Amino acid sequence: MLSAVALLVAAGRGERLGSAGPKAFVRCAGRPMLEWSVEALGAVDDLDEIVVALPPGVTAPPGTHGVQGGEQRSHSVRAALHAAGPAQYVLVHDAARPLVTPELIADCLRTIATEDCDAAIAAAPVTDTIKEGAGEVVVRTLDRSRLWAIQTPQVFRRDVLERVLAQDDAVLAAATDDASLVEADGGTVRLVPAPRGNLKVTTPEDLQLAEALLGLRAREPR
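Residues numbered from 1 in each chain as written. Predicted model: local features only at pLDDT ≥ 70, side-chain atom pairs only at ≥ 80, totals over all residues. Heavy atoms only, no water.

Draft legend 1. Up close: the environment of Thr 101. Relative to the helices and strands, Thr 101 is located in the loop between β6 (89-94) and α3 (102-114). Overall, the relative accessible area of 23% leaves Thr 101 in the partly exposed class. In this structure, the C-alpha to C-alpha distance between Thr 101 and Glu 39, residues 62 residues apart in sequence, is 9.1 Å. With sequence-adjacent residues up to four places away left out, Thr 101 is seen in contact with Ala 40 and Arg 217. Among the polar contacts listed, one links the side chain of Thr 101 to the backbone nitrogen of Leu 104, at a separation of 3.1 Å. (Helix = DSSP H or I, 4+ residues; strand = E, 2+ residues; numbered from the N terminus. Buried < 20%, exposed > 50% of the residue type's maximum accessible area, 1.4 Å probe, protein only. Contact = heavy atoms within 4.5 Å. Polar contact = N/O pair within 3.5 Å; in protein donor to acceptor, adjacent residues only side chain to side chain.)

Structural data, given as structure tokens:
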């Protein structure tokens, strides 16, 4: 078995979702959004513990332990990592992706354990035509065969993640995901093919779609 811990980022405020409270605790398909990720992570034997980065004053779900998150995403990851027990690998997942599956989590863990890399990240191939623009003027059309939409979970060698998270707060604040910090540090990041349905809930429309997909999953035969 691998030695791995999971860090679950749930400190977001959810303004774009229109929520009055923390985004991870908005109800999605009958339960707080956070619980879907906790359930999927808890089903993976290789994860020794789950540490949740939370807004101030919020209690961690059963089966996890919580820490107070930071102002920016990477600050929350750093706080959760400091609270985690020893492990060779660290998995980071956003609670705003409630459709993550144990199978995808296991695929990411398997990749970093068997491939020569510093990180293994879930990603879906881009299917839309993507154009680069300057304002509202198209500059060029990008080759979509080389483009991937990046998701979580993302799994890291612990020593690598600790090193990149030790940078200045301003550097962490500018990072849109933790894998980009590893890239900038010269590390090797491998892509793990993931379904587009592992979506991030950001807007009310995203929430409606996630609820519909979770409803369909619940009706699938076991």
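Draft legend 2. View of helix α4 (residues 158-165). Taken together, the buried positions of α4 are Arg 158, Val 160, Leu 161, Val 164 and Leu 165. The buried residues of α4 occupy an angular sector of 160° when projected down its axis, which confines them to one face. Those residues of α4 that are buried lie in contact with β1 (4-9), α2 (73-83), β6, β10 (148-157), α5 (169-174) and α6 (178-184). (Arc of directions from axis to C-beta.)

Draft legend 3. A look at the packing of α2 against α4. Where α2 contacts α4, the two axes come as close as 10 Å, and the packing angle between them is 130°. By the angle between their axes, α2 is oblique relative to α4. Helix-helix and strand crossings are classified by hand; for α2 and α4 the assignment is left-handed. Here α2 contributes Ser 74, Val 77, Arg 78 and Leu 81 to the contact with α4, which in turn contributes Arg 158, Leu 161, Glu 162 and Leu 165. Of the residues belonging to the contact of α2 with α4, the class tally is four nonpolar, one polar and three charged. (Axes fitted to C-alpha atoms, helices over the stretch in contact; angles between N-to-C directions. Parallel < 35°, antiparallel > 145°, perpendicular 65-115°, else oblique. Left-handed = near helix turned anticlockwise from the far one by under 90°. Nonpolar A, V, L, I, M, F, W, Y, C, P; charged D, E, K, R; others polar.)

Draft legend 4. Structural view of the pattern of salt bridges. In total, this model carries 11 salt bridges according to the counting rule given. Residues Asp 94 and Arg 73 are paired through a salt bridge, measuring 2.9 Å at the closest nitrogen-oxygen approach. Remark: Arg 73 occurs in helix α2 and Asp 94 occurs in strand β6; sequence separation between them is 21 residues. Both residues of the pair, Asp 94 and Arg 73, count as buried. (Salt bridge = Lys/Arg side-chain N within 4 Å of Asp/Glu carboxyl O.)

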